[in-house]
Amino acid sequence: MKKIGFLSFGHWSPSPHSKTRSAADFLHQSIDLAVAAEGLGVDGAYFRVHHFAQQAGSPFPLLSAIGARTSKIEIGTGVIDMRYENPLYMAENAGAADLISGGRLQLGISRGSPEQVIDGWRYFGYAPEEGETGADMARRHAETFLKVIEGEGFARPNPRPMFPNPPGLLRVEPHSEGLRERIWWGSSSNATAVWAAKLGMNLQSSTLKDDETGEPLHVQQRKQIEAYREAYKEAGHAREPRVSVSRSIFALTDDVDRAYFGNDRNSRDQVGMIDDTTRAIFGRSYAAEPDVLVKQLREDEAIQAADTLLLTVPNQLGVDYNAHVLESILTQVAPELGWR
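In short, a report on the structure. Owing to the predicted nature of the structure, the values given are computational and were not obtained by experimental measurement.

1. Looking at the overall build of the protein chain
In terms of helices and strands, the protein chain carries ten helices and 13 strands. The C-alpha radius of gyration of the protein chain comes to 20 Å, within 12% of the 20 Å expected for a compact globule of 340 residues. Split into buried and exposed, the 340 residues of the protein chain put 51% on the buried side. Considering only contacts in the protein chain between residues 6 or more positions apart, those separated by 24 or more positions represent 72%. Carbon and sulfur atoms make up 51% of the accessible area of the protein chain, which totals about 15800 Å². Within the protein chain, the 45 negative side-chain charges are centred at a point lying 2 Å from the centre of the 36 positive side-chain charges.

2. A word on a nonpolar patch on the surface
Taken together, the side chains of Phe 52, Val 117, Tyr 123 and Phe 124 make up a nonpolar region of the molecular surface, amounting to roughly 410 Å² of accessible area. One can find Tyr 123 in the loop between strand S5 (105-110) and helix H4 (134-148).

3. Some remarks on the nonpolar core
Membership of the largest hydrophobic core comes to 71 residues, with the highest contact counts inside it found for Phe 6, Leu 107, Ile 109, Phe 145, Ile 183 and Ile 249. Discounting residues that sit within four places of it in the chain, Ile 249 has contacts with Tyr 286, Leu 293, Leu 297, Ile 303, Leu 309, Leu 311, Val 325 and Ile 329. One finds Leu 252, Ala 287, Leu 317 and Tyr 321 within the second-largest nonpolar core, a separate group that totals seven residues.

4. Some details on the packing of helix H3 (residues 87-101) against H4
Running from N to C, H3 and H4 cross one another at 45 degrees; their axes reach a closest spacing of 9 Å. Viewed along their axes, H3 and H4 adopt a mutual orientation that is oblique. Seen from above, H3 lies across H4 with right-handed handedness. In this structure, H3 contributes Pro 87, Leu 88, Met 90, Ala 91 and Ala 94 to the contact, and H4 contributes His 141, Thr 144, Phe 145 and Val 148. The class makeup of the residues in the contact of H3 with H4 is seven nonpolar, two polar and no charged.

5. Structural notes on helix H6 (residues 217-235)
The end-to-end C-alpha separation of H6 is 27 Å, in line with the 27 Å expected for 19 residues at 1.5 Å each. Within H6, the full set of buried residues consists of Leu 217, His 218, Val 219, Gln 220, Gln 221, Gln 224, Ile 225, Tyr 228, Ala 231 and Tyr 232. In the core, the buried residues of H6 are packed alongside helix H5 (190-198), strand S7 (202-205), strand S8 (208-210), strand S9 (243-251), strand S11 (279-282) and helix H9 (301-305). Positive phi appears at Gly 236, one or two residues downstream of H6, with a value of about 85 degrees.

6. A look at the pairing of S7
Every regular strand shows the same layout, with side chains that alternate between the two sheet faces. Burial of the side chains of S7 extends over both faces: Asn 202 and Gln 204 are buried on one face and Leu 203 and Ser 205 on the other. Relative to S7, strand S6 (residues 183-186) is paired through three bridges, and the arrangement is parallel. Residue pairing across strands places Trp 185 opposite Leu 203, the latter belonging to S7. As defined by bridge partners, S7 adjoins S9 across three bridges and the pair is classed as parallel. Counterpart to Gln 204 in the pairing with S9 is Ser 244.

7. What to know about the pairing of strand S2 (residues 44-47)
Judged by which residues are buried, S2 turns out to be covered on both faces: Gly 44 and Tyr 46 on one side and Ala 45 and Phe 47 on the other are all buried. Strand direction decides the pairing type here: strand S1 (residues 3-8) and S2, joined by four bridges, are parallel. Of the residues in S2, the one forming a bridge with Gly 5 is Gly 44. Assessed by its sense of winding, the connection that carries the chain from S1 through helix H1 (residues 23-40) to S2 is right-handed. With four bridges joining them, S2 and strand S3 (residues 74-77) adopt parallel strand pairing.

Reading guide: rules and limits
- Residues numbered from 1 in each chain as written.
- Predicted model: local features only at pLDDT ≥ 70, side-chain atom pairs only at ≥ 80, totals over all residues.
- Heavy atoms only, no water.
- Helix = DSSP H or I, 4+ residues; strand = E, 2+ residues; numbered from the N terminus.
- Rg over C-alpha atoms; globule rule 2.2 N^0.38 Å.
- Buried < 20%, exposed > 50% of the residue type's maximum accessible area, 1.4 Å probe, protein only.
- Contact = heavy atoms within 4.5 Å.
- Areas by Shrake-Rupley, 256 points an atom, 1.4 Å probe, with all protein chains shown as cover.
- Lys, Arg positive; Asp, Glu negative; His and termini not counted.
- Charge placed at Lys NZ, Arg CZ, Asp CG, Glu CD.
- Patch = residues over 30% accessible without salt bridge, like charges linked within 9 Å, V, L, I, M, F, W, Y side chains within 5 Å.
- Salt bridge = Lys/Arg side-chain N within 4 Å of Asp/Glu carboxyl O.
- Core = buried A, V, L, I, M, F, W, Y, C linked by side-chain atoms within 4.5 Å.
- Axes fitted to C-alpha atoms, helices over the stretch in contact; angles between N-to-C directions.
- Parallel < 35°, antiparallel > 145°, perpendicular 65-115°, else oblique.
- Left-handed = near helix turned anticlockwise from the far one by under 90°.
- Nonpolar A, V, L, I, M, F, W, Y, C, P; charged D, E, K, R; others polar.
- Expected span 1.5 Å × (residues − 1).
- Pairing = 2+ DSSP bridges.
- Right-handed = clockwise from strand over helix to strand, strands pointing away.

Set out below in structure tokens:
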């Protein structure tokens, strides 16, 4: 069995070809898609977070709204860029969203990817400390966030408070028990996967990874997952960790599918520079008739190694079409692979 979720990049565009032409369209359609996905038996609704872009920038209102409209589906991110985050304020937002959803929040956090503006986190009031990089700052923010959501008191109470305080040091509220175990680190390298394992986070590996060996993406990801699980075991954590990988997968079942994605039949991994110093490998898309997809996906070593698969969805094609994309995978591909 494998958990299957969708991952939306949350684009909107005023283009006449887009069915998601405004931020309001994106937000309302995301809620509707999560409701439809839950009805289909999809396990998770996840959203990318990018700042200074016509995409999801502030995830917690959306996650809370989905939590209020659904009852079973996991609700998450992939990923929140921790360079931009105040860890304590984020802990309050995350605690509230998790309580609204009844403990279904699955938060993916990370350093994030290159953004739309130069050092965008500086506009949010954050800067690396002396000798730090932006990635170091993100990990520092992440460690603070993880500590805060454990729920231990750390703040000295006012001796003359407006309202009575419980005894001892105070914690950030609202606190949601169990949220600490549902934090994922989006890792693009083997080293950060090992770092995440030591801290007891789950692992998210996307369709993009640092090209560390020159091997196909799925092979590099499988080795990354193995390194992560070994480090997690060595750290002595009692809980079984979770691992997700993201993929663009489209079952071509009708003429509309073939018109949109038929040209991706022969997609291959691509290699490029994600910034001035980082060579990255970008994963291929899968697009084929269901029986062909089954054969192709069996050969993807990372998908086989992961317990959770996140399907990237073309959100600008509208709720109905995206529900069709998900249903095709759930009914015509997943059962043949033993995932359902």
